[in-house]
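Residues per chain are reported as follows:
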There are 4 protein chains.
Amino acid sequence: MPFRETRLFRLPMRHPGDVSAIEALFDAGRLRPDQVVAILGKTEGNGCVNDFTRAYAVDALSWMLERRGVDATAVAMVMSGGCEGGLSPHFLVLAVAEAEAPAPAPRLAVGVAFTPELPPEALGRMGQVRATAAAVRAAMGQAGITDPADVHYVQVKCPLLTSARIAEAAARGESVCTRDTYASMGMSRGASALGVALALGEVAEDQLCDAAIGQDWSLYSRVASCSAGVELTRNEVIVLGNAPGWGGELRIAHEVMSDAIDLPAVQRALAAAGLAPRSGGQLGEDQRERLVAVLAKAEPSSTGLIRGARHTMNDDSDINATRHARALVGGVIAAAVGRTELFVSGGAEHQGPDGGGPVAVVVREV
Amino acid sequence: MPFRETRLFRLPMRHPGDVSAIEALFDAGRLRPDQVVAILGKTEGNGCVNDFTRAYAVDALSWMLERRGVDATAVAMVMSGGCEGGLSPHFLVLAVAEAEAPAPAPRLAVGVAFTPELPPEALGRMGQVRATAAAVRAAMGQAGITDPADVHYVQVKCPLLTSARIAEAAARGESVCTRDTYASMGMSRGASALGVALALGEVAEDQLCDAAIGQDWSLYSRVASCSAGVELTRNEVIVLGNAPGWGGELRIAHEVMSDAIDLPAVQRALAAAGLAPRSGGQLGEDQRERLVAVLAKAEPSSTGLIRGARHTMNDDSDINATRHARALVGGVIAAAVGRTELFVSGGAEHQGPDGGGPVAVVVREV
Amino acid sequence: MPFRETRLFRLPMRHPGDVSAIEALFDAGRLRPDQVVAILGKTEGNGCVNDFTRAYAVDALSWMLERRGVDATAVAMVMSGGCEGGLSPHFLVLAVAEAEAPAPAPRLAVGVAFTPELPPEALGRMGQVRATAAAVRAAMGQAGITDPADVHYVQVKCPLLTSARIAEAAARGESVCTRDTYASMGMSRGASALGVALALGEVAEDQLCDAAIGQDWSLYSRVASCSAGVELTRNEVIVLGNAPGWGGELRIAHEVMSDAIDLPAVQRALAAAGLAPRSGGQLGEDQRERLVAVLAKAEPSSTGLIRGARHTMNDDSDINATRHARALVGGVIAAAVGRTELFVSGGAEHQGPDGGGPVAVVVREV
Amino acid sequence: MPFRETRLFRLPMRHPGDVSAIEALFDAGRLRPDQVVAILGKTEGNGCVNDFTRAYAVDALSWMLERRGVDATAVAMVMSGGCEGGLSPHFLVLAVAEAEAPAPAPRLAVGVAFTPELPPEALGRMGQVRATAAAVRAAMGQAGITDPADVHYVQVKCPLLTSARIAEAAARGESVCTRDTYASMGMSRGASALGVALALGEVAEDQLCDAAIGQDWSLYSRVASCSAGVELTRNEVIVLGNAPGWGGELRIAHEVMSDAIDLPAVQRALAAAGLAPRSGGQLGEDQRERLVAVLAKAEPSSTGLIRGARHTMNDDSDINATRHARALVGGVIAAAVGRTELFVSGGAEHQGPDGGGPVAVVVREV
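Caption draft 1: Structural view of the overall build of chain A. If you tally the helices and strands in chain A, you get eight helices and 15 strands. Over its C-alpha trace chain A gives a radius of gyration of 19 Å, about what one expects of a compact globule, namely 21 Å for 366 residues. Overall, chain A is about 55 × 50 × 40 Å in size when its C-alpha atoms are taken along their principal axes. Of all 366 residues assigned to chain A, the portion counted as buried reaches 68%. Excluding contacts between residues fewer than 6 apart, the proportion of contacts in chain A whose partners are at least 24 apart in sequence is 81%. Surface exposure of chain A reaches about 11,400 Å², of which carbon and sulfur atoms provide 52%. Separation between the mean location of the 33 positive side-chain charges and that of the 42 negative ones in chain A comes to 3 Å.

Caption draft 2: Quick peek at the interface of chain B and chain A. Contacts between the two partners involve 40 residues from chain B, matched on the other side by 40 residues from chain A. For the pair chain B and chain A, the summed buried area comes to about 2,900 Å², and 57% of that belongs to carbon and sulfur atoms. If you look at where chain B meets chain A, you find two salt bridges. Measuring nitrogen to oxygen at the nearest pair gives 2.6 Å for the salt bridge that ties E44 of chain A to R310 of chain B. Scanning the region where chain B abuts chain A turns up 18 residue pairs in polar contact (both at pLDDT 80 or more). Of all the elements in the fold, those that place two or more residues in the side of chain B that touches chain A are α6 (263–272), β13 (309–310) and α8 (321–337) of chain B.

Caption draft 3: Seen up close, the sheet that holds strand β10 (residues 250–257) of chain C. Residue and element names in this part refer to chain C. Taken in spatial order, the four strands of this open sheet run β10-β15-β11-β14, and their pairing is mixed. The open sheet has two free edges, formed respectively by β10 and β14 (343–346), since each of these has just one partner strand. In this sheet, adjacent strand axes meet at a mean angle of 15° when their direction is disregarded. The sheet contact formed by strand β11 (residues 291–298) and strand β15 (residues 357–364) spans five bridges and is antiparallel. Bridged to V294 within β15 is V361. Packing against the sheet, helix α6 (residues 263–272) makes contact with β10, β11 and β15, and its axis sits at approximately 160° to β10. Strands in contact with helix α8 (residues 321–337) are β10, β11, β14 and β15; relative to β11, the strand with the most contacts, it is inclined by about 145°.

Caption draft 4: Representation of the packing of aromatic side chains in the model. Taken as a whole and assessed by the stated rule, the structure comprises four aromatic pairs over all chains. Judged by centre distance (3.5 Å) and plane angle (35°), the rings of W63 of chain A and W63 of chain D are tilted. Of the two residues, W63 of chain A sits in helix α2 (residues 53–67) while W63 of chain D sits in helix α2 (residues 53–67), which places them in two different chains. With a centroid separation of 4.8 Å and 25° between ring planes, the pair formed by Y56 of chain B and Y56 of chain C is classed as stacked. Taken together, the residues Y56 of chain B in helix α2 (residues 53–67) and Y56 of chain C in helix α2 (residues 53–67) connect one chain to another. In terms of burial, Y56 of chain B and Y56 of chain C fall into one category: buried.

Caption draft 5: Fine view of the pairing of strand β11 (residues 291–298) of chain D. Residues and elements named next belong to chain D. Burial of β11 is extensive: eight of the eight residues sit out of reach of the surface. In the sheet, β11 pairs with strand β14 (residues 343–346) via four bridges, with the strands oriented parallel. In the sheet register, A296 faces β14, and the bridge partner there is V344.

Caption draft 6: Representation of the sheet that holds strand β15 (residues 357–364) of chain B within the structure. Residue and element names in this part refer to chain B. Pairing in this open sheet of four strands is mixed, and the strands run β10-β15-β11-β14 from one edge to the other. Each of the sheet's edge strands pairs with one partner strand only, and the pair in question is β10 (250–257) and β14 (343–346). This sheet shows a mean twist of 15° between the axes of neighbouring strands, independent of strand direction. Taken strand by strand, α6 contacts β10, β11 (291–298) and β15, and its axis lies near 160° from that of β10.

Caption draft 7: Local environment of the domain arrangement of chain A. All names here are of chain A. Each domain of chain A was delimited in the assignment, giving domain 1 (3–101), domain 2 (109–240) and domain 3 (250–364). Relative placement of domain 1 and domain 2: their C-alpha centres are 22 Å apart. Taken residue by residue, the interface counts 21 residues in domain 1 and 22 residues in domain 2. Our count for the contact surface shared by domain 1 and domain 2 stands at five residue pairs in polar contact (both at pLDDT 80 or more).

Caption draft 8: Representation of the interface of chain C and chain A in the model. The interface is formed by 10 residues belonging to chain C together with 14 residues belonging to chain A. Summed over both partners, the interface of chain C with chain A comes to about 1,000 Å²; 32% of that surface belongs to carbon and sulfur atoms. Among the residues of chain C in contact with chain A, D315, S317 and D318 of chain C are the three that bury the most area, contributing 51% of the side total. Here D318 of chain C and R323 of chain A are joined by a salt bridge, their closest N and O atoms 3.6 Å apart. Between chain C and chain A we count 13 residue pairs in polar contact (both at pLDDT 80 or more) in total. Considered class by class, the residues forming the side of chain C that touches chain A number two nonpolar, four polar and four charged.

Caption draft 9: Focus on the relation of the copies chain C and chain A. Between chain C and chain A, the superposition needs a rotation of 178° and an axial shift of 2.2 Å, giving an RMSD of 1.2 Å. Of the interface residues in chain C, 90% have counterparts in chain A that sit at the interface too, so the contact is made through matching surfaces.

Caption draft 10: Quick peek at the packing of α6 of chain C against α8 of chain C. Residue and element names in this part refer to chain C. α8 packs onto α6 with a crossing angle of 45° between their chain directions and a minimal axis gap of 10 Å. Comparing the axis directions of α6 and α8 gives the class oblique. In terms of crossing hand, the pair formed by α6 and α8 is right-handed. Counting all contacts with α6, which are made through L263, V266, Q267 and L270, the residues of α8 involved are V332, I333, A336 and V337. For the contact of α6 with α8, the class distribution of residues is seven nonpolar, one polar and no charged.

What counts, and at which threshold
Residues numbered from 1 in each chain as written. Chains lettered and ligands numbered in written order. Predicted model: local features only at pLDDT ≥ 70, side-chain atom pairs only at ≥ 80, totals over all residues. Heavy atoms only, no water. Helix = DSSP H or I, 4+ residues; strand = E, 2+ residues; numbered from the N terminus. Rg over C-alpha atoms; globule rule 2.2 N^0.38 Å. Buried < 20%, exposed > 50% of the residue type's maximum accessible area, 1.4 Å probe, protein only. Contact = heavy atoms within 4.5 Å. Areas by Shrake-Rupley, 256 points an atom, 1.4 Å probe, with all protein chains shown as cover. Lys, Arg positive; Asp, Glu negative; His and termini not counted. Charge placed at Lys NZ, Arg CZ, Asp CG, Glu CD. Buried area = accessible area lost by both parts, 1.4 Å probe. Salt bridge = Lys/Arg side-chain N within 4 Å of Asp/Glu carboxyl O. Polar contact = N/O pair within 3.5 Å; in protein donor to acceptor, adjacent residues only side chain to side chain. Pairing = 2+ DSSP bridges. Axes fitted to C-alpha atoms, helices over the stretch in contact; angles between N-to-C directions. Phe/Tyr/Trp six-rings, centres within 6.5 Å; stacked < 30°, edge-to-face > 60°. Domains from an automatic or database assignment. Nonpolar A, V, L, I, M, F, W, Y, C, P; charged D, E, K, R; others polar. Least-squares fit on C-alpha atoms with pLDDT ≥ 70 in both. Parallel < 35°, antiparallel > 145°, perpendicular 65-115°, else oblique. Left-handed = near helix turned anticlockwise from the far one by under 90°.

Below you can see the structure in the form of structure tokens.
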């Protein structure tokens, strides 16, 4: 096996079907289509049940890759809907290229794996937990990561329940974890996150059961980031960590925000990656150039409070709670880094503590 | 005239009609109802045309004050709708009490004034500009502020156009500045802000005309904060500044955010008030206790960009642009101060530069 | 006991706090405040959790009635939020006045009753069902209605579960039907509706059990209309029917819409009240003048289909499903009657069949 | 030239990217891809500026047609976003096949034409009006319709202004008709409708000018239906009428709804097509089978009233006015026909009178 190098490109999109920035990379010879292993996208839908911007982007990416001779089904595509507040729509393209030699220190390593198709009745339950854990272990192996401590971010894209899928299960005499299609997104994200925690030893299997999913918030992963979407019926898993033997200049670090306004946690993550803020508490332009990507989770605290003050996210029937949370956390992180191209994903069930969530940064070493 | 002291109380509300925290102050003898000169409120509506949480709060406050023998019409009430992201609903009660002696240094001074009733055809036009300027000068006089440089925050509550008001004007053969009721809020805020700028000499009268309102963003006030609401038909003006001869412990400072993620400007405003952030870039608990109130304006940049990256606020037909902007700026400021009880008001037309806005802080001197 | 006459006034509101049309009735001497027994209102909020237009209207009505010496707590007030589509905000004021003599035929009769306080553990369960049934029988007695077939509309306002109430029950070792406070609204409505059905013999007691509530949609009332509110801890019941011995000119009739577009059911209800549509299928102006009020329930079908065609209500995360349903049913009924002042209320658990609901009309006899 | 026959298929979609029902027609040999001349679609987005379901459907249709060897750019595709209330997402596929002989009476005839690319500065102004009129005349010629009275429906799909397009025009020193992207949809629809009216002689050219567009509602077309979308930059025009010399069984008729609840107008349109409602005012199942398609426009009245009662559409900042209007008119028409697969398009500026709009029906002759 030749030496490998993980490459990561942050690219803008003009609308959910606009893949021109990626094609420009291909046409310029800066990236080979067959090197792409995963594409993350922040698309400008509502991030909830009827957010078709995710499927639109996935279809546009798939048609484009197929036109260039790539089997799109082998590329993990995770579109996170919702660009509330200042969040800017963008793609994060992950590729694995050959490297002449390994770097002197551990470098960004990526592994991708998929679960089998998940029937509606498995979502939000132990079936999804165990299938996800197996996929995480497979992806770690692919990335050459043996110590869970070297895993800094695990992206999972998981299915949700729609009226049609609930009816299909009922037709087979199967029950589902919830008949509320919006609530099903949280159950699927939560079960997937616990699958990551199980694979990384953050929780023990005997702590887990169907009843704990979406209920016992003391159980969580510090590196999981899960997004639910109507466009897929299996879990897609992308493991990011630092591993020896990889080439390139990229390194990843992470921290956990204890609540939605935990700026110090964001600063610690940046510091762990070698980026200390300038006066005013914000990165300088030169530092921003080294910051390739920021990935974070956001959710409203279930207590209805942030440091004792009431928030209205959970009781708002006009704007879904996850939309408020993305806007808020996006503002907190933008304050620190001075940029709005942030992959802030909503719904952090079992991903970090209640009301908080993981934040990971990928930087270019100097 | 006896010595005066401005008092400011930040109080939570459980819902827009909940004035119990204010009544508790009265019942505990900590504040006399007749000392109240103004009440600002951040209420959990949409902050747009059909936001009835503002009128609900004003009615609840008025009924409560009348029950306690106060003429509520003499109290300026400015409810700013919209608690997007993490913003926490709260009241800011401004009162003027007698002081035994003036403080050794200038202290927070407040002045309140009202324009005459503004007919629909005056909104968003020079009529509203000039009436607002006159009210600002009257309020400065009341506060004993002679130098415009000592004015750090001018809150204006202004009317908007509804279908009914447009029809009423048309019935009198009068035209209005716009038939779009939502757009009318921005025109009314903009004309009011230019009225503040005119009174403070930030712009010269010959620079102003109907056509410049809502068009020439190079004209703006650095201290104006204007909110439009369906519940009033005149402008209410509250001037806050530092003036000699006042007692008490409160002082106000301000800065201007050049864009929505200008954390350094927020840090400068805090520093000007004597609050330097701890490690991690956020105020410590002891510093937060000295920070009585934070007041800021938020708006989406008309360019559709934040530091070159596209935002989706202006093209979102599900969530109004001002709602996105409040959530974003609320996140940026909460990152700096570690609190979500922030009076972040949307729609900063002619209030600070395009996409930015004023931020003011009131602190208790030690 | 003197002869009685039920009076019903349909009055517009300019905003949720506008009770001027009711006060005008009082001031004109057309209605005595002490004669008011109930006020229904269609207010322009979202009809969901954070709809404060309902509380605003109730507070405004209460303050106004108290000013006029009426004990507002003795007046049943049921505000239904949501004026989607063309629905026009309005009040329906029910009053009982003395009549000189009974009418030659049965006339609109009203009875109001309350259940005892309902402990949290009773909500959404048989305890609430039985208590509601008893209150319905009491209200029928007050209205002088003996035959359930003469009951055409039963409005119930019922409590919901809050975190505090759930904790209070737990402290006594009692469980509740759900720990999801939003879900508890539907459970409370459903149990209340089944209580109406039990009292009227629409379902037999041996068909009912805790497990059937919110599950077995084949069990429903054809005349119940229930709404849940946080401001009360008992059920308020308003029974409307036709009874002998009452004076006045009003009569009520009802039908059940089998789905959301069941125009023939609406036409049958109108015909039962003596109103046959003119050519074009819509009432004529003279007929509309006789039609005092229309009251109906609306909900999206849980199948996701209307006559085999997919609807998007249940999967829409931007607009709550009940909002779509009110707009749709409002359009169907407006097509028949040619008016948009319709009391169309959402959330029809056990109130009519899945996707359908009761529709009642009150007409003035000629 | 051989005899022609217009064919029209109404097909469901499971989501905006689902074109499987159309492909099934092709695969079954019931329709040849090269016969398709236009595809109308009702997609489940918000129907406003950031409704990407329209572009998603157009891309999915285009990719599918290209795969089958058809030049998709030659097929007019008009996606109307918004399935509020009960409206069911569906496609209307228009095709022209060869006929053995002309029918004994005039039959449905279709003509398609396109304007040149329209720069941002032309939208909502006379440039767009004249270009549209020319395209309508070209489409009539293609359909073999000489008398404007034989034109019953003209579908226009037109561009809108986005922040990006406004900036592009500004960069060239060009102004646009409005900087409000949402308002631009109405201006573009209005100018397009006046272009139809000009071509059909419904208004005279000397009545038209930039200032009249979006202002003088007395000027309108009785057959125009215009939808604006972000996915195109020219006007697409589809003319539908009855013409001699065409084969097949289809015929079209239309009427104009004078307001949003004008059921009699819908009944007249059905009657003109030979469909008289059964008792209950709704079509019977056998009649529904003959009713191939219903196409209508909806908009809120600018007066804020429907027959004197206040509606809340224009003042709702949570749900755009056109969304309310589609739900309402969809309910009125569904009441008459007993089906929710209705092509109800929002925004009827200059398409029918203020608050009303055209309604057309295509039926299969027996």
